Amino acid sequence: MRAHVELIHEDDYIFHAGELPYGEGKILERRLSTDEEDGSSSLSLHATADWGRGAGIPHADTEFYVVEGSLIYGGQELGPGGYVQIPKGAPMDWIRIREGSRVLHWREYGDAGFDPLTSVKETDAEGDVAVVDAEKLEWVAAPTVGPLTPLYIKLLHRDPKTGFYTRLIRAPQGWTDHRLAHHPCYEEFYTLSGRMAYNFGDIDEGTYCFRPAGVKHGHFVAETEIDWIIRSDGELINWYTTDEWVKWGGHAENYPHEHAPVISSLPVRSRSRGEWSGDGM
């Protein structure tokens, strides 16, 4: 189980040597959140020199998203908005990250383990790798059921069995939602650009959150147009609480009692996010 992280700014975190076995070159990582039980991790990679790794099989569902610079996967170069997803146990092709690049990297349901191959043709292992250039995707209006619209989405990947998804979300300047919501799945985001006022603290570029299932959150006001990359480990259903009492009660507006929000402990927060009153708990 990962800790509730809300909010941190990645610049407040220290660098570690990148945990990417069999890689060559220089790359550092900031550990945005980790699960020490199964190795799942959300990381921000910074290439201080060219870095690369040959083909192989990862021990976890693996994702890369280019924030700045470029990444080359199997000969295809991807700039900002480039995204690669490799299922656990599937062969992945060689990868290169150019010096000066910043890349978000996720490992889910497994650790950093990696079994090298001479090439992807060397194995009978199967699995569909997704390679997406988000810059070529159109923004699609979010469904009107749930968050107040207008919100816009670019879907990067969705698991048809579990509903696990990764997508970009954009809110225009002035977008607001005063309600408190919680979900049956976890939700995490990394802010790519823009600024938002939020009950847990200010959100701007580089701000990160990992919110376990059941944790209430809300009171959003987009001060500028703002973009996030967001991940959830299941279908993201919005359950709203109104007329809240104390810090953890209230009227269940559109969900049954058995799906009531959990009482969260204080979240992990970094110092640059400022003081927090506990609003929204």
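In case you missed it, the structure is sitting above this.
Every value quoted in this text rests on a predicted model; they were computed, and no experiment measured them. (Residues numbered from 1 in each chain as written. Predicted model: local features only at pLDDT ≥ 70, side-chain atom pairs only at ≥ 80, totals over all residues. Heavy atoms only, no water.)

Student: So what exactly am I meant to see when it comes to the pattern of salt bridges here?
Tutor: Side chains bearing opposite charge may pair, as long as their charged atoms lie close to each other. Tallied over the entire structure, the rule returns 19 salt bridges. For the salt bridge of Arg158 with Glu235, the shortest nitrogen-to-oxygen distance reads 2.2 Å. Remark: Glu235 occurs in the loop between strand 23 (226-232) and strand 24 (239-242) and Arg158 occurs in strand 15 (residues 152-158); sequence separation between them is 77 residues. Among the residues examined, Arg158 registers a relative accessible area of 36% and is labelled partly exposed. Among the residues examined, Glu235 registers a relative accessible area of 45% and is labelled partly exposed. In this structure, Arg231 and Glu188 form a salt bridge, with 2.4 Å as the shortest nitrogen-oxygen distance. Taken as a pair, Arg231 in strand 23 and Glu188 in strand 18 (residues 187-193) lie far apart in primary sequence, 43 residues in all. Each member of the pair Arg231 and Glu188 is classed as buried. Salt bridges sharing common partners tie together Glu10, Asp11, Arg30, Glu68, Arg102 and Glu205. (Salt bridge = Lys/Arg side-chain N within 4 Å of Asp/Glu carboxyl O. Helix = DSSP H or I, 4+ residues; strand = E, 2+ residues; numbered from the N terminus. Buried < 20%, exposed > 50% of the residue type's maximum accessible area, 1.4 Å probe, protein only.)

Student: Honestly, unusual backbone geometry in this entry has me stumped. Any pointers?
Tutor: Negative phi values dominate among residues other than glycine, just as trans dominates among peptide bonds. Of the consecutive residues Glu6 and Leu7, the connecting peptide bond is found in the cis state with omega at 0 degrees. You can see Leu7 is positioned in strand 1 (residues 5-9). Of note, Tyr22 is a non-glycine position whose phi angle comes to about 70 degrees, a positive value. Mapped onto the elements, Tyr22 comes out in the loop between strand 2 (16-17) and strand 3 (24-34).

Student: In this structure, what is going on with the layout of surface pockets? I would like to understand it.
Tutor: Any empty space left between atoms is shown by rolling a water-sized probe over those atoms. Within this model, the second largest pocket holds a volume of roughly 310 Å³. Residue assignment for the lining of the second largest pocket shows that the elements contributing at least two residues are strand 6 (61-68), strand 9 (82-86) and strand 15. For the lining of the second largest pocket, a count of residues per class yields five nonpolar, four polar and eight charged. (1 Å grid on protein atoms, 1.4 Å probe; cavity = no way out; pocket = protein on both sides within 12 Å on 5 of 7 lines; lining within 4 Å. Points joined across faces, edges and corners; volume = space filled by probe spheres on them. Nonpolar A, V, L, I, M, F, W, Y, C, P; charged D, E, K, R; others polar.)

Student: Can you walk me through the side chain of Asn199 in this structure?
Tutor: Its location among the elements puts Asn199 in the loop between strand 19 (195-198) and strand 20 (203-204). By relative accessible area, which is 9% here, Asn199 ends up buried. There is a polar contact of 3.3 Å between the side chain of Asn199 and the backbone nitrogen of Gly218. (Polar contact = N/O pair within 3.5 Å; in protein donor to acceptor, adjacent residues only side chain to side chain.)

Student: Is there a simple way to explain the sheet that holds strand 25 (residues 251-252) in this structure?
Tutor: Adjacent strands of a sheet pair through backbone hydrogen bonds, lying either parallel or antiparallel. Spatial ordering of the open sheet is given by 20-19-22-17-24-25, a layout of six strands whose pairing is antiparallel. Looking at the sheet topology across the chains shown, the edges are occupied by strand 20 and strand 25. Pairing of strand 17 (residues 176-182) with strand 22 (residues 217-222) involves four bridges; the strand directions are antiparallel. The partner of Ala181 across the bridge, within strand 22, is His217. (Pairing = 2+ DSSP bridges.)

Student: When you look at the sheet that holds strand 18 in this model, what are you seeing that I'm missing?
Tutor: The seven strands are arranged 1-21-18-23-16-15-14 in an open sheet whose pairing can be described as antiparallel. What marks the edges here is a single partner per strand, and that holds for strand 1 and strand 14 (140-141). Where strand 15 meets strand 16 (residues 165-171), six bridges bridge the pair, whose relative direction is antiparallel. Within strand 16, the residue paired with His157 across the bridge is Thr166.

Student: Help me understand the state of the cysteines in this model?
Tutor: Chemically, a disulfide is nothing more than a covalent bond linking the sulfur atoms of two cysteines. Evaluation of the coordinates by the stated rule reveals zero disulfides. Among the cysteines around Cys185, which has no disulfide bond, Cys209 carries the closest sulfur, lying 12 Å off. Accessibility expressed as a relative area gives 5% for Cys185, which makes it buried. A relative accessible area of 0% places Cys209 in the buried class. (Disulfide = S-S within 2.5 Å.)

Student: Whenever I open this one, the packing of aromatic side chains confuses me. Can you help?
Tutor: For the structure on display, the rule yields nine aromatic pairs. Plain terms: the ring middles of Tyr109 and Phe164 are 6.2 Å apart, the flat faces sit at 80 degrees to each other, and that makes the pair edge-to-face. A residue pair is termed long-range when its members are at least 10 positions apart, and Tyr109 in the loop between strand 11 (102-108) and strand 12 (114-116) and Phe164 in the loop between strand 15 and strand 16 qualify at 55 residues. Accessibility expressed as a relative area gives 9% for Phe164, which makes it buried. Ring geometry for Tyr186 against Phe210: centres 4.6 Å apart, planes inclined by 50 degrees, an arrangement best described as tilted. Of this pair, Tyr186 sits in the loop between strand 17 and strand 18 while Phe210 sits in strand 21 (residues 207-211); the two residues are 24 residues apart in sequence, bridging distant segments of the chain. Per residue, the accessibility class of Tyr186 equals that of Phe210, and both read buried. (Phe/Tyr/Trp six-rings, centres within 6.5 Å; stacked < 30°, edge-to-face > 60°.)

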